[in-house]
Amino acid sequence: MGGTQPGATLAASVGIEVDGGHCEQLLARGQSLPASARETFTTAEDNQQTGQIRVFQGEHERVEENELLGECTVSGLAPAPAGVPEVAVMFTVDSDGTLRVSVQDATGDATLQIEGQREFDDIAVETAGRTGAGPTNDVILGVDLGTTDSVCAVPVDGEPEIVVNSEGDRATPTALSVDDDGNLLVGKAARKRGVSRPERTVTSVKRVLLGEGSTVELGEREYSTVELAGSLFEKFRSDAESALGRPVEKAVVTVPAVASIRQRRRIERAGEIAGLEIERTIDDAAAAVMGYAYGSDGEQTVLVCDLGGGSLSVSLLDVENGIYEIVANGGDDELGGEEWDAAIVDHLADRFEGDHGIDLREDPQARRRLADAAAAAKIELASRERTRVDIP
């Protein structure tokens, strides 16, 4: 447990499961800590003497989309018809992210007890400052984790500077591939193998990491998605240390505005594998506003639409003298440039199949070439009304 954190707020909403698997919000995202909420419950069945409380953190309406923090059981309810007992449950979150649950019988007719967890200490908390006497000299690596490419930056003489990677590029493909010897290739080398060895290559590590599955089969081995992302972060860290000539142990990472707590924690675990402490995950659109308003004074309200390779993030922020307040967030983590690519691929494949009776999508290499051609066509169509697609 830590001490009191200055400016501590909830990184995501805290709620409980109610009928039908819905998540009822008790404490909202961004709420200052310490904070508390009181909820009154009743029974669903006659003579019910126990009740279960399941606590979640996240923004989704369905509990299965949020992070389960834990559960406990309230016992000692007096036998009574359904809907008669009243149980008052108090939820209190202190500044270090520990949630405590206490109960009492609202009518005073029964002595209630909690069985199982009383404390939940894995709540995600954000802090506006640090404890300690003086400033820190730690280098914080900024990672714009993209679906197609990722870009890193470090502070140099007080100003952010893009990290040039070991290949001499300012952007690193968010791709991984396994060679014939079982070695992991990262970045540009991995993307090149997307055509020749698609079955051993992941060209969108971010989408895999934030997706539903937890493992990926590449070649003869199964990898965890966090392990693969950890290899990517290892490259980010190595490139940054080479550029700075000093160790880098901390990072902030951009994520889609609708990223769940579970998805954000996967990123944190990937950073740990690479020896990076992820200080904070920042919404894509919010990060864009910080870059846009960096160094400016005064007040302004900014709406950002960030359409990336794999997700759409929309954020409305109030900015005042370097303070950023997120007013609203939204987006779709399954809508991005890759969806445009897929639509073009389907259009081209359907045309080819109609003319020649062959579905190019059934051959992995042919589909990869088709996808590359579709991506190039999409870029051309951004500035032209028509384009020609030739596939070798």
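Digging into the nonpolar core
(1) Moving on: Judged by nonpolar contacts, the single largest core of 34 residues is most densely connected at Leu141, Val143, Leu145, Phe233, Phe236 and Ile267.
(2) Moving on: Sorting elements by how many residues they give to this core places helix H3 (residues 225–244) first, with seven residues.
(3) Moving on: Core analysis: the second largest hydrophobic core is formed by 26 residues, Leu33, Leu99, Val101 and Phe120 among them.

Quick word on the packing of helix H1 (residues 188–196) against helix H7 (residues 364–381)
(1) Moving on: Contact geometry for H1 and H7: axes closest at 7 Å, N-to-C directions at 125°. As judged from the angle between their axes, H1 and H7 are oblique. Across the interface between the two elements, Gly194, Val195 and Ser196 from H1 touch Gln365, Arg368, Arg369 and Asp372 from H7.
(2) Moving on: Of the residues contributing to the contact of H1 with H7, the split by class is one nonpolar, three polar and three charged.

As for the sheet that holds strand E2 (residues 14–18)
(1) Moving on: Across the sheet, which stays open at both edges, the five strands sit in the order E3-E2-E5-E6-E9 with antiparallel pairing between neighbours. Only two strands of the sheet have a single neighbouring strand rather than two, namely strand E3 (22–27) and strand E9 (113–116). In this sheet, adjacent strand axes meet at a mean angle of 35° when their direction is disregarded.
(2) Moving on: In terms of strand pairing, strand E6 (residues 67–75) meets E9 through four bridges, oriented antiparallel. The residue of E9 that forms the bridge with Thr73 is Glu115.
(3) Moving on: Packed on one face of the sheet, helix H4 (residues 261–273) meets strand E5 (50–57) and E6 and runs near 125° to E6.

Quick notes on the pattern of salt bridges
(1) Moving on: Following the criterion strictly, the structure yields 28 salt bridges and no others.
(2) Moving on: The closest approach of N and O atoms between Lys378 and Asp341, which form a salt bridge, is 3.1 Å. Placement of the pair is Lys378 in helix H7 and Asp341 in helix H6 (residues 337–356), with a sequence separation of 37 residues.
(3) Moving on: The exposure class assigned to Lys378 is partly exposed, which follows from its relative accessible area of 28%.

Some details on the sheet that holds strand E16 (residues 176–178)
(1) Moving on: Strand order in this open sheet of three strands is E17-E16-E18, and the pairing throughout is antiparallel. At either margin of the open sheet sits one strand with a lone partner, and together these are strand E17 (184–186) and strand E18 (201–202).
(2) Moving on: By the bridge criterion, three bridges tie E16 to E17 in an arrangement that is antiparallel. Within E17, the position partnered with Leu176 by the bridge is Val186.

Side note on the side chain of Thr225
(1) Moving on: Tracing the chain through its elements places Thr225 in helix H3.
(2) Moving on: Apart from the residues within four sequence positions on either side, Thr225 is in contact with Val208, Leu209, Gly213, Ser214, Thr215, Val216 and Arg266.

So, the side chain of Asp341
(1) Moving on: On the basis of relative accessibility, which here comes to 14%, the residue Asp341 falls in the buried class.
(2) Moving on: Discounting chain neighbours no more than four positions away, the residues touching Asp341 are Ala374, Ala375 and Lys378.

Focus on the packing of H6 against H7
(1) Moving on: It is the contact of H6 with H7, at a shortest axis distance of 8 Å, that shows an interaxial angle of 115°. One element, H6, and the other, H7, form an angle in the roughly perpendicular class. Note that H6 runs across H7; the crossing there is right-handed. Within the contact between the two elements, H6 uses Gly337, Trp340, Asp341, Ile344, Val345, Leu348 and Ala349 and H7 uses Arg367, Leu370, Ala371, Ala374, Ala375 and Lys378.
(2) Moving on: Residue classes in the contact of H6 with H7 are distributed as nine nonpolar, one polar and three charged.

A few points about unusual backbone geometry
(1) Moving on: Cis peptide bonds are those with omega within 30 degrees of zero, and the linkage from Leu33 to Pro34 qualifies with 0°.
(2) Moving on: Here Pro34 lies in the loop between E3 and strand E4 (35–41).
(3) Moving on: Not every positive phi belongs to a glycine, and Asn47 is a case in point at roughly 60°.
(4) Moving on: In this fold, Asn47 is placed in the loop between E4 and E5.
(5) Moving on: For Asn47, a relative accessible area of 48% corresponds to the partly exposed category.

Describing the packing of aromatic side chains
Here the distance between the centres and the angle between the planes together describe a pair of aromatic rings.
(1) Moving on: If you walk through the whole model with that rule in mind, you get one aromatic pair.
(2) Moving on: Pairing Phe233 with Phe236 gives two aromatic rings, centres 5.6 Å apart and planes at 75°, and the pair type is edge-to-face. A residue pair is termed a helical-turn pair when its members lie 3 or 4 positions apart in one helix, as Phe233 and Phe236 do in helix H3 at three residues.
(3) Moving on: Take Phe233: its relative accessible area is 1%, and that puts it in the buried class.
(4) Moving on: By relative accessible area, Phe236 is classed as buried at 2%.

What about the confidence of the model for the protein chain?
(1) Moving on: The pLDDT averaged across the protein chain works out to 83; a share of 92% of its residues lies at or above 70.
(2) Moving on: Note on residues 1–6: pLDDT is under 50 here. Beyond four places in sequence and across chains, it has 16 contacts.

With respect to the pairing of strand E14 (residues 159–162)
(1) Moving on: By the bridge criterion, four bridges tie strand E13 (residues 149–156) to E14 in an arrangement that is antiparallel. Paired with Val154 across the two strands is Glu161, which belongs to E14.
(2) Moving on: Linking two consecutive strands that pair antiparallel, namely E13 and E14, is a turn of two residues; a positive phi of about 55° is found at Asp157 within it.

Considerations on the pairing of strand E12 (residues 140–144)
(1) Moving on: Examined bridge by bridge, E12 and strand E21 (residues 250–255) share four bridges and lie parallel to one another. In the sheet register, Leu141 faces E21, and the bridge partner there is Ala251.
(2) Moving on: Bridging between E12 and E13 involves three bridges; their strand directions are antiparallel. Residue pairing across strands places Gly142 opposite Ala153, the latter belonging to E13.
(3) Moving on: Linking two consecutive strands that pair antiparallel, namely E12 and E13, is a turn of four residues.

Parameters at a glance
Residues numbered from 1 in each chain as written. Predicted model: local features only at pLDDT ≥ 70, side-chain atom pairs only at ≥ 80, totals over all residues. Heavy atoms only, no water. Core = buried A, V, L, I, M, F, W, Y, C linked by side-chain atoms within 4.5 Å. Buried < 20%, exposed > 50% of the residue type's maximum accessible area, 1.4 Å probe, protein only. Helix = DSSP H or I, 4+ residues; strand = E, 2+ residues; numbered from the N terminus. Axes fitted to C-alpha atoms, helices over the stretch in contact; angles between N-to-C directions. Parallel < 35°, antiparallel > 145°, perpendicular 65-115°, else oblique. Contact = heavy atoms within 4.5 Å. Nonpolar A, V, L, I, M, F, W, Y, C, P; charged D, E, K, R; others polar. Pairing = 2+ DSSP bridges. Salt bridge = Lys/Arg side-chain N within 4 Å of Asp/Glu carboxyl O. Left-handed = near helix turned anticlockwise from the far one by under 90°. Phe/Tyr/Trp six-rings, centres within 6.5 Å; stacked < 30°, edge-to-face > 60°. pLDDT = per-residue confidence, 0-100.

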